[in-house]
Structures are given as structure tokens and as C-alpha cells.
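# Close look at the chain arrangement
The lines below spell out each chain.
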Amino acid sequence: MIPPKPPTTEGRGGVLRYALRFRRDLLSALPARLYRAWMAEFRSPLLRSVVCNDPALVRLVLQARPRDFPKSNRLREGLAPLLGQSVFVTNGSLWERQRRIIDPAFEGGRLGQTLPAMWDASVSATRRLAAHAGTEIDVEPETSHAAADVIFRTLFSVPIEHQTAAGVFAAFRAHQDAQPIVNLAALVPLPAWVPRWHGRGTRRTAATIRGLITRMVDARAAEIAECRAPDDLATKIMTTPDPQTGRGFTPDEMVDQVAIFFLAGHETSASALAWALWLLAAAPEWQDRVAAEAAEVLRGDRPDLSAVSRLKTARAVFRETMRLYPPVPMMVRETVQPECLRDRDLPRGTQVVLSPWHLHRHERLWDDPDTFDPARWDTENGRACARAAYIPFSAGQRVCPGAGFAMIEGPLMLAVICRELRLSRGTVDPVPVARLTVRGRDGIRLRITRR
């Protein structure tokens, strides 16, 4: 089964022309040759950029020499109203300190403690979807709701129905609508002291989100001081000191981190789950396999991690979904010194774009790259490509700290939903577009019935 893929163009253009196209959609703006090329270069008087699809270059940038290719400051400028100085956009010693505090919360032993919250959120999501049985719906709002529910249950021990959690969820949906994928001001190489322009809607919704998160962080700080805080991810992070300095996050720093946990852990999971449900609706034989596996494995009130690890079919489906529809379709790094990549001299400040979207569909790397085939993960070629050209969570020292979390959450939600419900394609197939994550241009429509 070949699922939807956005149209592309073979036309050429400068960086600024592409940037204008990006404001409509990142994926269709880029030329089709990127599905075949190892590297492509884009130039303008203001900016030089290369897209790297060679797995050797990806390893160089992410794993071998990450300090020489830090995250682009232009990315931080575009996301600053919401994320501040979060771990997603920082570099150097500040980023290293943040990871030393955050990483212990996502270690393997801690993940087992989050499983009950994930299970409760999965059951709640299934019930909400079941309420639409017999009808056709856009599933994206439902998966956004479900992913936000997981974040709030695991981070702050409250369900999405909690008043403040619901407020953050609503404000974040408005923020995604207001935030362009490319901030044009960020493309102009202005001095650091020159303020960057952001739209009124972007600034307003970001301020609303940060205000609500501040309320939750302050309440948790009071609970910690009174020794009555629940043992969840927020408490773990807020009480973990940097082993080198002995200092933890300040309240403002914690607000920055919660904002990125919500963006990275909510929007990305919602995107992957929505596409996975559509792919299962379009491939009913795989849907039935996921449902049968779930009925066999998920017995009792709540499964443990050993049971979730046996959801091999659901995991293969989720991995294949993130190959075809990586939630974060592109990553941007920047050279800090002159470089020579594939015999091409690049000056300091060149934007180095790593594109999971193109890398995961590269015609010279994958067999039938546009085909939905979860079985590829059991083949020798599939495993080789996974090692060389599969980076939905990035790679190297900046790999997403929540990768293990996501690989429990996604397969578990798929299994619980498919065990109870049958999914079929809606009247119109979705068209992928990239905003903050890869979503359906007009939603992702499914028809739901009970099994």
C-alpha cells in the first residue's frame, strides 16, 4: 500500500523563494530531486544552506562531530516566544547542564513508573473514539487530546480534564495555527541585539501557554517544599541537581523545559499516532494483526513493561509510521567553521539541514521507499537502513531524551485502540503538510466502528 505523499517540484529557486513556499508547506516546497540526491545546496545573498541525505554526513554531523555543527540560532529565534532557553534550542555548556538534569527522569527504570499513566490515557482515548462509532471524524484532534493527556498524567499526575491542563492544550492548538514553519526574520543575518519580529498571534498564544505552565510549576514547587508532591516526571526533574554544580532548574528554567516537553512529547506523538491510525485503516490486514496481538498480550487491568515489549507488531507499525511520516521532518544545524562536505567548500554559518522526511524515503537507500510495509523491519535491508538512515528522534548526543517514552506510548495506544475499535478510511485521503509537525492539510479522516 502506497500512502499519500505531497506533490513536489523539480523547479529551482533561491533560499528566500523557498522560504516563502515554506510558509505554506515545508514538504511540497522542496524539489523532488532530494529523494535521490546525497546533498543539495541552496544559496542567496543572505543565507547559504545544504540539505544532507548522505548517511555518512548525517553521522558526521550528529554523532562524530556534533560540537562543530550546533543547532542553528535561527531555529531558536523562530521558537523563542514559546520555548525560551529550553533544551531543544540551546547549545554548548548550557545544553549539557540541562541534559544532566533532565536525562535521569527518562532512564529505563523510571519509564516503568510512567506506564500506568500511559495505560489510563490510552483507555480514555479509546473511550472517546468509541463515542464516535458509526461516524467519520478527523482523528487529529483526538490524537492531540490523547497525547496531551499522556504528557499531563506523566509529568504532573493530572488528566487532560484538569482545568489548567485543558487550558494549555487549547492554547497550544491556537499557537500551532499562529506559528509559521519558517520565521522570515530568522533568515536574515541580523546582529544578536536586533529584536526579531513575531506575529501578534504567536506572541499572544505563547504568553498564554507559558503563564499556565508557570502556574503548574509554582504549584508543584509548593508541593515539593511541603513534602507532598507526587513521584512523577515534574517532581523528578525539579528535585534533580546538576551533578557538577549542585544546582537545579530555577522556576523560569523549568517553565522553558515543560514547554518543550509539551511541544516535543505532545505534538510529535499526536502526529505519529494520527498517521499510524490512518495507515492501519488503509491496510486492514495489519490492523487485524495489531488487534489480535493486543487481545493476546494486553490482559488484566494494567500491563507491565514486559507485556508492552511483546507488542512487536504494534511496534513495527509505529516505526514504519515514523519512517513515512516523521513528526519532525527536518533538523537544522550550523557550521561554526569552514567545512568541506562531499568536496564542496562551505563557509562558517552555513545552514546544514538534515531531513528525516527525505532520508526515510530516499530512493537509493530503501526498498520501495514510499510503500507502507512494517515487515521491512524484519529484513536485513530494513535493519541496515534503520542503522544508517532512520532518525525520527535524531541521533548522537542530542537524541531525544523521550525516545524510549515515545516507543512505549505509541505502540501501547495503537494496541489498545485496535483491540476495541475497527478503523476504515474516510471519504477523502489526507495530504501531508509540515507545520510544527507533519499533519494532514485538511485533517486525517477515519470512520470508526466497534469490533
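Residues numbered from 1 in each chain as written. Predicted model: local features only at pLDDT ≥ 70, side-chain atom pairs only at ≥ 80, totals over all residues. Heavy atoms only, no water.

### Overview of the overall build of the protein chain
When its secondary structure is counted, the protein chain shows 17 helices and 11 strands. The proportion of buried residues among the 451 residues of the protein chain is 58%. For the protein chain, the proportion of contacts with a sequence separation of at least 24, taken over those separated by at least 6, is 73%. For the protein chain, the accessible area works out to roughly 18500 Å², and carbon and sulfur atoms hold 52% of it. (Helix = DSSP H or I, 4+ residues; strand = E, 2+ residues; numbered from the N terminus. Buried < 20%, exposed > 50% of the residue type's maximum accessible area, 1.4 Å probe, protein only. Contact = heavy atoms within 4.5 Å. Areas by Shrake-Rupley, 256 points an atom, 1.4 Å probe, with all protein chains shown as cover.)

### With respect to the UniProt feature "binding site: heme" (unreviewed entry) in the protein chain
Taking the numbering used here, the UniProt-annotated feature "binding site: heme" (unreviewed entry) corresponds to Cys400. Along the chain, Cys400 turns up in the loop between α16 (380–389) and α17 (403–420). A relative accessible area of 28% means that Cys400 is categorised as partly exposed. (UniProt positions renumbered as here; feature names shortened; annotations may be inferred.)

### Here's the deal with the sheet that holds strand β3 (residues 135–138)
Reading across the sheet, the three strands line up as β3-β11-β8 and stay open at both edges, with antiparallel pairing between neighbours. On the outer flanks of this sheet lie β3 and β8 (421–425), each paired with one strand and no other. Within the sheet, the average angular offset between the axes of one strand and its neighbour, ignoring direction, is 40°. Summarising the sheet, β3 and strand β11 (residues 445–450) pair through four bridges and their orientation is antiparallel. In the strand pairing of β11, Ile137 is matched with Leu446. (Pairing = 2+ DSSP bridges. Axes fitted to C-alpha atoms, helices over the stretch in contact; angles between N-to-C directions.)

### A word on the packing of helix α11 (residues 251–282) against α17
In the contact formed by α11 and α17, the axes pass within 10 Å of each other and the chain directions differ by 40°. Taken together, the axis directions place α11 and α17 in an arrangement best described as oblique. Here the hand of the crossing between α11 and α17 comes out right-handed. On the side of α11, the interface is formed by Gly265, Ser269, Leu273, Ala276, Leu277 and Leu280, while α17 contributes Glu409, Met413, Leu414, Ile417 and Cys418. (Parallel < 35°, antiparallel > 145°, perpendicular 65-115°, else oblique. Left-handed = near helix turned anticlockwise from the far one by under 90°.)

### A word on the pattern of salt bridges
The full count for this structure, using the stated rule, is 29 salt bridges. In this structure, Arg220 engages Asp232 in a salt bridge whose closest nitrogen and oxygen atoms are separated by 2.6 Å. Of the two residues, Arg220 is situated in helix α9 (residues 200–225) and Asp232 in the loop between α9 and α10 (233–238); the sequence distance between them amounts to 12 residues. Taken individually, Arg220 and Asp232 each receive the classification buried, so the pair is uniform in this respect. (Salt bridge = Lys/Arg side-chain N within 4 Å of Asp/Glu carboxyl O.)

### Brief notes about the packing of aromatic side chains
As enumerated under the stated definition, the model contains six aromatic pairs in all. When the centroid spacing of 6.0 Å and the interplanar angle of 65° are considered together, the rings of Phe106 and Phe261 count as edge-to-face. One end of the pair, Phe106, is in the loop between α5 (92–102) and α6 (108–130); the other, Phe261, is in helix α11, and 155 residues separate them in sequence. An identical accessibility class is assigned to Phe106 and Phe261; each is buried. Relative to Phe405, the ring of Phe106 lies with its centre 6.4 Å away and its plane at 75°, an arrangement referred to as edge-to-face. (Phe/Tyr/Trp six-rings, centres within 6.5 Å; stacked < 30°, edge-to-face > 60°.)

### Let's talk about the nonpolar core
Core analysis: the biggest nonpolar cluster contains 131 residues, and Phe156, Leu298 and Leu412 have the highest contact counts within it. It is α11 that contributes the most residues to this core, 19 residues altogether. Those residues in contact with Phe156, other than ones at most four positions away along the chain, are Ile151, Met216, Val217, Arg220, Asp232, Ala234 and Val258. (Core = buried A, V, L, I, M, F, W, Y, C linked by side-chain atoms within 4.5 Å.)

### Things to note about unusual backbone geometry
The backbone of Cys227 shows a phi angle near 60°, a positive value even though the residue is not glycine. As for its placement among the helices and strands, Cys227 is situated in the loop between α9 and α10. Residue Asp343 is not a glycine yet carries a positive backbone phi of 65°. Within the secondary structure, Asp343 sits in the loop between β5 (339–341) and β6 (344–346). Given a relative accessible area of 78%, Asp343 falls into the exposed group.

### Some remarks on the sheet that holds strand β7 (residues 351–354)
The pairing of strands in a sheet comes from backbone hydrogen bonds and takes either a parallel or an antiparallel form. If you walk across this open sheet you meet the four strands as β1-β2-β7-β4, and the pairing is mixed. At either margin of the open sheet sits one strand with a lone partner, and together these are β1 (39–43) and β4 (331–334). On average, each strand axis in the sheet is inclined to that of its neighbour by 25°, with strand direction left out of account. Of the strand pairs in this sheet, strand β2 (residues 48–52) and β7 are connected by four bridges, and their pairing is parallel.

### Some thoughts on the side chain of Ser269
Tracing the backbone shows Ser269 in helix α11. Here Ser269 falls in the buried class, since its relative accessible area comes to 12%. Among residues more than four places away in sequence, those in contact with Ser269 are Ala147, Ala264 and Glu409.

### Digging into the environment of Ala229
The residue Ala229 is located in the loop between α9 and α10 in this model. On the accessibility criterion, Ala229 (25% relative accessible area) is partly exposed. In this structure, the C-alpha to C-alpha distance between Ala229 and Ser157, residues 72 residues apart in sequence, is 9.7 Å.

### A word on the environment of Arg398
Mapped onto the elements of the fold, Arg398 is located in the loop between α16 and α17. For the pair formed by Arg398 and Pro66, sequence separation is 332 residues and the distance between their alpha carbons is 8.4 Å. Among all residues touching Arg398, those that are not within four sequence positions of it are Lys71, Val87, Phe88, Val89, Thr90, Asn91, Trp95, Arg99, Arg333 and Phe393. Of the polar contacts made by the side chain of Arg398, one reaches the backbone oxygen of Val87; its length is 3.0 Å. (Polar contact = N/O pair within 3.5 Å; in protein donor to acceptor, adjacent residues only side chain to side chain.)

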